[in-house]
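Here is what each chain is made of, one letter per residue.
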Amino acid sequence: MLTVTVTSKPVDDLLTTLLGRMGDLTPAMQGIGQELNSRISGRFGTRSDPLGKPWAPWAESTRENYPKDGRGLLLERYGDMLKSLNFQADSTSVRVGFGAVASKKGDVYAAYHEWGTVKMPRRGLLFADPDAGTLAPDDETAVLDIIGLFLLPE
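## As for the overall build of the chain
Consideration 1: Of regular secondary structure, the chain possesses six helices and two strands.
Consideration 2: N-terminal to C-terminal, the α/β element order of the chain is α-α-α-α-β-β-α-α.
Consideration 3: Put simply, the chain has 154 residues, and 34% of those count as buried.
Consideration 4: For the chain, the computed accessible surface area is about 9300 Å², with 54% contributed by carbon and sulfur atoms.

Structure follows, in structure tokens:
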């Protein structure tokens, strides 16, 4: 399993305030998980990373070796990775990511796309910068908006 933690002082600050008010953040975490799931799923449609940069097209060698029974879409050979997109929320956190969709060698595909490899360009799905664990500004704003809804006076 691969874990990357999102680093955002504004999100951390609001969550600390919200935790003091609610105690159990499960409803907020579920809202964040649903929103991020929707945004990540949408990237398969726009074929772009969290910052809106279009994914690099296939290399000619990939195109030539693409399975005849595949879907013919970038990052959607059979649709398994997108189908495995999920989130798990609890009282203090939310995990958003992909299930263990792996190659025959056991390599997890989503990590290759998130970071890229020496032979394949990055085609980000989750993070603006996966090494730093930062969300794209629009994703961070959406998370802050969700937390803000729970901080509204009753």
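On we go.
## What about the packing of aromatic side chains?
Consideration 1: Scanning the entire structure with this criterion turns up two aromatic pairs.
Consideration 2: Each ring, one from Phe44 and one from Trp55, has its centre 5.9 Å from the other, and the planes form 85 degrees; the classification is edge-to-face. One end of the pair, Phe44, is in helix α2 (residues 26-46); the other, Trp55, is in the loop between α2 and α3 (60-65), with eleven residues separating them in the sequence. Summarising the burial analysis for this pair, Phe44 and Trp55 share the class buried.
Consideration 3: Arranged with centres 6.3 Å apart and planes meeting at 65 degrees, the rings of Phe44 and Phe98 form a pair that is edge-to-face. With a gap of 54 residues between them, Phe44 in helix α2 and Phe98 in strand β2 (residues 94-98) connect regions that are remote in the sequence.
Consideration 4: By relative accessible area, which is 2% here, Phe44 ends up buried.
Consideration 5: Of the aromatic side chains, those joined through ring pairs into one cluster are Phe44, Trp55 and Phe98.

## Description of the packing of helix α1 (residues 9-22) against helix α6 (residues 137-151)
Consideration 1: Taken N-terminus to C-terminus, the directions of α1 and α6 make an angle of 20 degrees; their axes are 10 Å apart at the nearest point. One element, α1, and the other, α6, form an angle in the roughly parallel class. In this structure, α1 meets α6 at a crossing whose hand is left-handed. Where α1 approaches α6, its residues Pro10, Val11, Leu14, Leu15, Thr17, Leu18, Arg21 and Met22 are matched on the opposing element by Glu140, Val143, Leu144, Ile147, Phe150 and Leu151.
Consideration 2: Its residues placed into classes, the contact of α1 with α6 shows eleven nonpolar, one polar and two charged.

Here is what the cut-offs are and how they apply
Position labels on residues start from 1 in each chain and follow its written sequence. Residues qualify for local features only when their pLDDT is at least 70, as the model is predicted, and side-chain atom pairs are given and counted only at 80 or more; totals for whole chains, interfaces and linings, by contrast, use all residues. With hydrogens and water stripped out, all remaining heavy atoms of the structure feed into the side-chain values. Comment: elements are numbered from the N terminus, with helices defined as DSSP H or I runs of at least four residues and strands as E runs of at least two. Partly exposed residues are those whose accessible area sits between 20% and 50% of the maximum for their type, while under 20% is buried and over 50% is exposed, using a 1.4 Å probe and protein chains only. Accessible surface is estimated by sampling points in the Shrake-Rupley manner with a 1.4 Å probe; for residues, cover comes only from the protein chains shown. In this scheme Phe, Tyr and Trp rings, the latter by its six-membered ring, pair at centre separations within 6.5 Å, and the angle between planes marks the pair as stacked below 30 degrees, edge-to-face above 60, and tilted otherwise. Note on geometry: axes are lines fitted to C-alpha atoms, helical ones only across the stretch in contact, with angles between N-to-C directions running from 0 to 180 degrees. Relative orientations are named as follows: roughly parallel for angles under 35 degrees, roughly antiparallel for angles over 145 degrees, roughly perpendicular for angles from 65 to 115 degrees, and oblique for any other angle. Two helices that cross are described as forming a left-handed crossing if the nearer one is turned anticlockwise from the farther one by less than a right angle, and a right-handed crossing if clockwise. Whether two residues touch is decided by their heavy atoms; if any such pair falls within 4.5 Å, the residues are in contact. Only Asp, Glu, Lys and Arg are considered charged in this grouping, and only Ala, Val, Leu, Ile, Met, Phe, Trp, Tyr, Cys and Pro are considered nonpolar; every other residue, Gly among them, is considered polar.

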